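Each chain is listed here by its residues.
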Amino acid sequence: MKLKLTYIVLLSICSINLYAQQKGKINKAEKNYDKFAYINAINTYERIVEKGFTSPDILKKLGNSYYFNAELEQSEKWYGQLFAMTEEVEPEYFFRYAQSLKAVGNYTKAEEIMVKFNKASAEDKRGNLAKEQKNYLEVIKSNSGRYNIDNAGINSEYSDYGAAFFNNKVVFTSARDTGNFAKRKHTWTDQYFTRLYAAELAEDGSLSGAEKYANELRTKFHESTPVFTKDNSTVYFTRNNFLNGKKGLDGDKNTLLKIYRATFKDGKWSNIVALPFNSDSYQTAHPALSPDEKTLYFASDMPGTLGLSDIFKVAINDDGTFGEPINLGPKINTEGRETFPFVSAKNELYFASDGHPGLGGLDIFAARIEEDNSIKYVLNVGEPANTPKDDFAYIINSETKRGFLSSNRPGGVGSDDIYKFIETKELVFVCEHILSGLITDEELVALPNTKVTLLDNQFNVMKEVMSDSTGKFDFGIVECDKKYYVRTESEDFVTQELPVIIPNESGKTHLDVKLERKTCIMKEGDDLANCFKINLIYFDLDKWNIRPDAAVDLAKILDVLNENPTMKIDIRSHTDSRASHKYNEKLSDRRAKSTIDWLVKNGIDKSRLTGKGYGETQLVNECADGVKCSEEDHQMNRRSEFIITEL
């Protein structure tokens, strides 16, 4: 009857101002090294937006450029245009816009945006952390190898599970015997209804002499998973909804599970009562006691359950009454099944779950209950306690480090078996995570003495450090299971702010930050597109007319040419190797000429422009005809170039 309850950034900105500087000519051979163009992208972005060429990316960069320089009146202008265009932005933009609105006195609008920020920020943090545990197998591996496990020696060909300590015995659940109800089987499992058995517990943790236990607790239905008070005067246990010869049914006429309590008097268990928070309409099962015996933990699918079944707790009052059940919350409970709780003498909660990342089936997890009753970390106890099969019903004696668990792993005697174990190394519940990184420019040259700021998810400053002589920075230990932002600032580079989510596990997070210079320095022979990160002027399939999104990028080139009236460029269009050589050459040539025509139409003298389509003749990698390549590799060849031929 084992109840596995069914339930349940910022990208950089090249920066601004466009002018050409010429050095004196020494000789023709040195000309390319003596002449440079200093291109400030932000000024270019502002000019082209004023002319009607814009995109969310440009508006983000404009807003950021002023926000990080504390010019919030200007950042409010550009963020305002961004939000007028779209609210499909990263959560931090809501915060920056709200701060900018406050700077101009628009507190009503700022409050509206902050509400949206709080909603967006909450949605992208802890609720999705489980999905981000890409290395959960490594975490399980780090917790593995802490147990020596062996068959407990009292298993049958039927289901045996759910051990509990009682004096010098272990009381467990078994389907091995029908008692007075011969051949009475449960229709779900095709096994006999379970009852309680007791076995002698030796000092080495072995069990022997299994016998039927406490016939007075026995009914014609299931009994299972008891827990005893330390003075052995009270037992809580699971049974089908049956008491004093009366069977309770839910709306579908099923006899569900309830938790019962009995007291030991005159050598036997008596005064059997169902606990008051039970119901005919939902299941409660698998009771466990806190070390002080003032709290009862259990599994249930009662109203308020987050998944298929959850772990709950309820206060046991001094007069024997009970408080209201409390769900342990999303730190423990998931959309899946959480069941079979046990609380050790060290106030460590062990439970089985198939909702937390595990090896398969039900895995055993552990969490330490803090003094304030909070739970910070949930850890998979690792192999060999856990396997790809169901592993559950974990109990341990914190002094001897010996205990028992149940599993249907291969190599057992029955469908579920009880295994004895000794814990050879304790589980470490403290989560220590180190956040560090490296600051470089786009050419991967290390940037020393760069200011690096750690902010929390509400953008409060937590710590400031400077990168060392090799560009490395180290914030030391940060809080696990939390979202931060890392801001990097240097006088000659564009400020960058990146979100970082720290997983709920000990370890290290390394962040590589590449900063872009505020001013692009270009010389003859350089590709002007590199300054603005223009990889490709996009055209529709088999077309060569300029699309609106391509016009935004071309407007950047247009502005550079207007600001540098002596500059000449050669426009080169390339394709990947797919389609025929002849087709690619003609199509790319038409696209290069279409680009020239657009610039001429917008005021550039045609004598300053040359261009040609090269098709697939100048591939930048090995992706030629007949070579299997990824889409990313082909994309590298589909490029537009704007080569400076004269300054």
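Up top is the structure.
Keep in mind that what you see is a predicted model, and the values were worked out from it rather than measured. (Residues numbered from 1 in each chain as written. Predicted model: local features only at pLDDT ≥ 70, side-chain atom pairs only at ≥ 80, totals over all residues. Heavy atoms only, no water.)

## Notes on the overall build of the protein chain
Counting its regular elements, the protein chain contains 11 helices and 35 strands. When the accessible surface of the protein chain is totalled, it reaches about 30,100 Å², and 48% of it is carbon and sulfur. (Helix = DSSP H or I, 4+ residues; strand = E, 2+ residues; numbered from the N terminus. Areas by Shrake-Rupley, 256 points an atom, 1.4 Å probe, with all protein chains shown as cover.)

## Observations regarding the side chain of D363
Of note, D363 is situated in strand β20 (residues 363-369). Lacking a salt bridge, the buried D363 has R409 as its closest oppositely charged neighbour, with an N-O distance of 8.4 Å. At 2.8 Å, the side chain of D363 forms a polar contact with the backbone nitrogen of L359. If sequence neighbours within four positions are ignored, D363 has contacts with F351, A352, S353, G358, N380, N386, T387, K389 and D391. (Buried < 20%, exposed > 50% of the residue type's maximum accessible area, 1.4 Å probe, protein only. Lys, Arg positive; Asp, Glu negative; His and termini not counted. Salt bridge = Lys/Arg side-chain N within 4 Å of Asp/Glu carboxyl O. Polar contact = N/O pair within 3.5 Å; in protein donor to acceptor, adjacent residues only side chain to side chain. Contact = heavy atoms within 4.5 Å.)

## Re the sheet that holds strand β3 (residues 147-151)
The sheet built from 4 strands is open, its strands ordered β3-β24-β23-β22 with antiparallel pairing. Both edges of this open sheet fall to β3 and β22 (391-396), since each of them pairs with a single strand only. Averaged over all pairs of adjacent strands, the angle between their axes in this sheet comes to 25°, without regard to strand direction. Pairing analysis gives 4 bridges linking β22 to strand β23 (residues 402-407), with the strands arranged antiparallel. Looking at β23, one finds that F392 is bridged to S406. (Pairing = 2+ DSSP bridges. Axes fitted to C-alpha atoms, helices over the stretch in contact; angles between N-to-C directions.)

## Let's talk about the nonpolar core
In this structure, W598 and F642 are the most contacted members of the largest nonpolar core, which totals 58 residues. It is helix α9 (residues 548-563) that contributes the most residues to this core, 9 residues altogether. Not counting the four nearest positions on each side in its chain, W598 is found in contact with F53, I546, A551, L554, A555 and L558. In terms of nonpolar packing, the next biggest core, distinct from the first, is built from 26 residues, A152, L379, Y419 and L427 among them. (Core = buried A, V, L, I, M, F, W, Y, C linked by side-chain atoms within 4.5 Å.)

## Comments concerning empty space enclosed by the protein
Where empty space is left can be seen by rolling a probe of water-molecule size over the atoms. Space inside the largest cavity adds up to approximately 70 Å³. K346, E348, Y350, I396, S398, K401, E423, E426, L427 and F429 together form the lining of the largest cavity. Among the residues forming the lining of the largest cavity, the class breakdown is 4 nonpolar, 1 polar and 5 charged. (1 Å grid on protein atoms, 1.4 Å probe; cavity = no way out; pocket = protein on both sides within 12 Å on 5 of 7 lines; lining within 4 Å. Points joined across faces, edges and corners; volume = space filled by probe spheres on them. Nonpolar A, V, L, I, M, F, W, Y, C, P; charged D, E, K, R; others polar.)

## Things to note about the pattern of salt bridges
Taken as a whole and judged by the stated rule, the model has 27 salt bridges. One salt bridge connects R368 with E370, and the closest N-O pair in it is separated by 3.3 Å. The exposure class assigned to R368 is partly exposed, which follows from its relative accessible area of 28%. Here the residues in one salt-bridge network are R47, D559 and E563, joined through shared partners.

## Here's the deal with the sheet that holds strand β28 (residues 472-478)
The strand order across the open sheet formed by 3 strands is β28-β25-β31, and the pairing between neighbours is mixed. This sheet does not close on itself; its edge strands, each paired only once, are β28 and β31 (507-515). The mean inter-strand angle of the sheet, taken between neighbouring strand axes irrespective of direction, is 20°.

## Looking at the layout of surface pockets
By volume, the largest pocket amounts to about 900 Å³. Around the largest pocket, the lining comprises 41 residues; the ones closest to its centre are A164, F165, F342, I396 and N397. Listing elements by their share of the lining of the largest pocket, those giving two or more residues are β4 (160-166), β8 (223-228), β14 (284-289), β18 (338-343), β22 and β23. Considering only residue class, the lining of the largest pocket consists of 23 nonpolar, 13 polar and 5 charged.

## Observations regarding the packing of aromatic side chains
Within this structure, the stated rule accounts for 32 aromatic pairs. Between F53 and W598 the ring centres are 5.8 Å apart and the planes differ by 70°, which places this aromatic pair in the edge-to-face class. Within this pair, whereas F53 is found in the loop between α2 (41-50) and α3 (56-67), its partner W598 is found in helix α10 (residues 581-601), the two being separated by 545 residues in sequence. This pair shows no difference in class: F53 is buried, exactly as W598 is. For the pair F298 and F312, a centre-to-centre distance of 5.8 Å together with 15° between the ring planes defines the contact as stacked. With F298 in strand β15 (residues 295-300) and F312 in strand β16 (residues 310-315), this pair connects stretches of sequence that are 14 residues apart. Here the aromatic residues F166, Y213, F228, F264 and W269 are joined through ring pairs into a cluster of three or more. Over the ring of Y93 we find R96; its NZ or CZ atom is 4.9 Å from the centre of that ring. (Phe/Tyr/Trp six-rings, centres within 6.5 Å; stacked < 30°, edge-to-face > 60°. Lys NZ or Arg CZ within 6 Å of the ring centre and 35° of its normal.)

## With respect to the environment of S398
Relative to the helices and strands, S398 resides in the loop between β22 and β23. Here the alpha-carbon distance between S398 and N347, two residues 51 residues apart in the chain, equals 9.9 Å. Not counting residues up to four positions away in its chain, the partners in contact with S398 are S344, A345 and K346.

## Re the pairing of strand β13 (residues 268-274)
Where strand β12 (residues 257-265) and β13 come together, 5 bridges link them in antiparallel fashion. Residue pairing for β13: T263 is matched across the bridge by S270. A loop of 2 residues connects β12 with β13, the two strands running antiparallel in sequence, and D266 in this loop sits at a positive phi of about 55°.

## A closer look at α2
With 8 of 10 residues buried, α2 is to be regarded as a mostly interior element. Within α2 the residues assigned to the buried category are A41, I42, N43, T44, Y45, E46, I48 and V49. Phi turns positive, to about 100°, at G52, one or two residues after α2.

## Considerations on the packing of α3 against helix α5 (residues 91-103)
Running from N to C, α3 and α5 cross one another at 55°; their axes reach a closest spacing of 11 Å. The pairing of α3 with α5 is recorded here as oblique in orientation. In this structure, α3 meets α5 at a crossing whose hand is left-handed. Across from K60, N64 and Y67 in α3, the residues of α5 making contact are Y93, F95, R96, Q99 and S100. (Parallel < 35°, antiparallel > 145°, perpendicular 65-115°, else oblique. Left-handed = near helix turned anticlockwise from the far one by under 90°.)

## Things to note about the state of the cysteines
Applying the stated criterion to the full structure yields 2 disulfides. Each sulfur in the disulfide pair C520 and C531 lies 2.3 Å from the other. Sign of the S-S torsion, about 90° for the bond between C520 and C531, identifies this disulfide as right-handed. With a gap of 11 residues between them, C520 in strand β32 (residues 520-523) and C531 in helix α8 (residues 529-532) connect regions that are remote in the sequence. Like C531, C520 is buried. Here C623 connects covalently by a disulfide to C629, the sulfurs 2.1 Å from one another. Across the disulfide from C623 to C629, rotation about the S-S bond amounts to roughly -105°, and the bridge is consequently left-handed. Owing to a relative accessible area of 2%, C623 belongs among the buried residues under this scheme. (Disulfide = S-S within 2.5 Å.)

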